[in-house]
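# An overview of the molecular structure
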Amino acid sequence: MASSIRVRATSNGDITEVQTLIQHPMDTGLVKDAKGELIPAHYIQELKFECNGKDVFVANWGTAVSKDPYVKFSFKGAKKGDDLKISWTDNKGGSDTTTAKIA
Amino acid sequence: MTTTTDPHPTRRLILQGAASVALLGLGNLPFAPALAAANDKYPDEAFKLKNEADAIKALYGRTAEPSDKVKLDAPEIAENGGVVPISVTTTLDKVTSISFFVAENPNALAASYRIPDGTIPGVANRLKMAKTSNVTAIVEADGKLYSATKEVKVTVGGCGG
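In what follows, the accompanying structure is described. (Residues numbered from 1 in each chain as written. Chains lettered and ligands numbered in written order. Predicted model: local features only at pLDDT ≥ 70, side-chain atom pairs only at ≥ 80, totals over all residues. Heavy atoms only, no water.)

## Focus: the pairing of strand 4 (residues 84-90) of chain B
Residue and element names in this part refer to chain B. For strand 4, the buried fraction is high: five of the seven residues fall into the buried class. Bridging between strand 2 (residues 70-73) and strand 4 involves four bridges; their strand directions are antiparallel. By the bridge assignment, aspartate 73 is partnered in strand 4 with serine 87. By the bridge criterion, six bridges tie strand 4 to strand 7 (residues 122-127) in an arrangement that is antiparallel. Bridge pairing links valine 88 to valine 123 in strand 7. (Buried < 20%, exposed > 50% of the residue type's maximum accessible area, 1.4 Å probe, protein only. Helix = DSSP H or I, 4+ residues; strand = E, 2+ residues; numbered from the N terminus. Pairing = 2+ DSSP bridges.)

## Considerations on the interface of chain A and chain B
The interface is formed by 31 residues belonging to chain A together with 32 residues belonging to chain B. Between chain A and chain B, the buried area comes to about 2400 Å², and carbon and sulfur atoms account for 53% of it. Broken down residue by residue, the surface that chain A buries against chain B is led by Asn60, Ala64 and Ser66 of chain A, which jointly contribute 25%. The tally of links between chain A and chain B comes to zero salt bridges. Taken together, the links from chain A to chain B amount to 17 residue pairs in polar contact (both at pLDDT 80 or more). Elements with a minimum of two residues in the side of chain A that touches chain B: strand 2 (15-22), strand 3 (44-51), strand 4 (54-61) and strand 5 (70-76) of chain A. With eight residues, the top contributor of residues to the side of chain A that touches chain B is strand 4 of chain A. Each residue belonging to the side of chain A that touches chain B can be placed in one class, and the counts come to 17 nonpolar, seven polar and seven charged. By the bridge criterion, two bridges tie strand 5 of chain A to strand 7 of chain B in an arrangement that is antiparallel. What sits directly across from lysine 72 of chain A, in strand 7 of chain B, is alanine 124 of chain B. (Contact = heavy atoms within 4.5 Å. Buried area = accessible area lost by both parts, 1.4 Å probe. Salt bridge = Lys/Arg side-chain N within 4 Å of Asp/Glu carboxyl O. Polar contact = N/O pair within 3.5 Å; in protein donor to acceptor, adjacent residues only side chain to side chain. Nonpolar A, V, L, I, M, F, W, Y, C, P; charged D, E, K, R; others polar.)

## Let's talk about the nonpolar core
Of all hydrophobic cores here, the largest spans 63 residues; its most connected members are Phe49, Trp61 and Leu84 of chain A together with Phe100 and Tyr113 of chain B. Ignoring anything within four residues of it in the chain, the contact list for tyrosine 113 of chain B reads Phe57, Val58, Ala59, Trp61 and Val71 of chain A together with Thr96, Ser97, Ile98, Phe100, Val123 and Asn125 of chain B. (Core = buried A, V, L, I, M, F, W, Y, C linked by side-chain atoms within 4.5 Å.)

## Focus: the packing of aromatic side chains
Inspection of every chain in the model, using the stated rule, returns seven aromatic pairs over all chains. Relative to phenylalanine 73 of chain A, the ring of phenylalanine 49 of chain A has its centre 4.8 Å away and its plane inclined at 65°; by these criteria the two rings are edge-to-face. Taken together, the positions of phenylalanine 49 of chain A in strand 3 and phenylalanine 73 of chain A in strand 5 put the pair 24 residues apart, joining distant regions of the chain. One exposure class covers both phenylalanine 49 of chain A and phenylalanine 73 of chain A, and it is buried. An angle of 85° between the planes, with centres 6.1 Å apart, marks the rings of phenylalanine 100 of chain B and tyrosine 113 of chain B as edge-to-face. (Phe/Tyr/Trp six-rings, centres within 6.5 Å; stacked < 30°, edge-to-face > 60°.)

## So, the sheet that holds strand 4 of chain B
Strand order in the open sheet formed by six strands is 1(A)-2(A)-5(A)-7(B)-4(B)-2(B), and the pairing between neighbours is antiparallel. Either end of the sheet is taken by a strand with one partner, and the two such strands are strand 1 (5-12) of chain A together with strand 2 of chain B. Direction aside, the axes of adjacent strands within the sheet are offset by 15° on average. Across eight bridges, strand 1 of chain A lies against strand 2 of chain A in antiparallel orientation. What sits directly across from serine 11 of chain A, in strand 2 of chain A, is threonine 16 of chain A. (Axes fitted to C-alpha atoms, helices over the stretch in contact; angles between N-to-C directions.)

## Side note on the pattern of salt bridges
When charged atoms on two side chains of opposite charge get close, those side chains can pair. Residue and element names in this part refer to chain A. Scanning the entire structure with this criterion turns up six salt bridges over all chains. The salt bridge partner of aspartate 83 is lysine 101, with a shortest N-O separation of 2.9 Å. Of this pair, aspartate 83 sits in strand 6 (residues 83-90) while lysine 101 sits in strand 7 (residues 95-101), and the two are 18 residues apart along the sequence. Judged by relative accessible area, which is 54%, lysine 101 ranks as exposed.

## Remarks on the side chain of threonine 136 of chain B
Residue and element names in this part refer to chain B. Within the secondary structure, threonine 136 is located in strand 8 (residues 133-141). One polar contact links threonine 136 to threonine 149, side chain to side chain, over a distance of 3.1 Å. Ignoring any residue separated from it by four or fewer positions in sequence, one finds threonine 136 in contact with Glu52, Ser99, Phe100, Phe101, Ser147, Ala148 and Thr149.

## What about the pairing of strand 5 (residues 95-102) of chain B?
Two faces belong to every sheet, and in a regular strand the side chains alternate between them. Residues and elements named next belong to chain B. Of all the eight residues making up strand 5, seven are buried; the element is thus mostly covered by neighbouring parts of the structure. Across seven bridges, strand 5 lies against strand 8 in antiparallel orientation. When the sheet's bridge partners are listed, serine 99 is paired in strand 8 with isoleucine 138. The pairing of strand 5 with strand 6 (residues 109-114) spans five bridges and is classified as antiparallel. Within the sheet, the bridge partner assigned to phenylalanine 100 lies in strand 6 and is alanine 111. Hairpin connection between strand 5 and strand 6: a loop of six residues separates the two successive antiparallel strands.

Written out as structure tokens, the structure reads:
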């Protein structure tokens, strides 16, 4: 299966800008399906970015983050060619990990 | 005489010891979640609270003061409450976390970001909004809380209304 994580990390001098798009339903547990039954909550709780063995950004999410979440941030101390490791876990124990090269 | 009475004090001591250990264990439990809210673990409790003030208290244990150094960027009107682009930047130093609250959502806390040393204090993300509401961004900097609030009008709710 293709990774659920799409990431673009671009280096601009000392600053690396990271844009991430994740495929995930982010169900709130409040929405009903066509049969009128509640769709159980299913959402990413933690999203972590690591670079050179150090956490550079950690997101704790609730159900109010949009479906197929997007997040953007920047950090210092990395250079072109460094690996950026991205991983998430959801409330049902699902998870995914990917590694991106900083361009 | 001594041989028959001796076992009793020892047993009592052991029992007393066990009881105090049990008490200590119970006493520690309520404090664990409060400490966890200091950012390292997923703040489960804070995400479950409905009211914004309660959620802020559960997450940080104190209140925030409005600051013009926190810049919250959100649309005046969101046509689709399911996808509202919201971002925050700040000129404050020593930022350790940034959180987003949507006051009128079923659960006020939407997202909380940990900003380690070396990371620029700014986040852009997309949130769901049930209806027109105030959106608050809280920046934790040097142990203090600073906030910025903006009202976003929602024409179609994003929480399955």
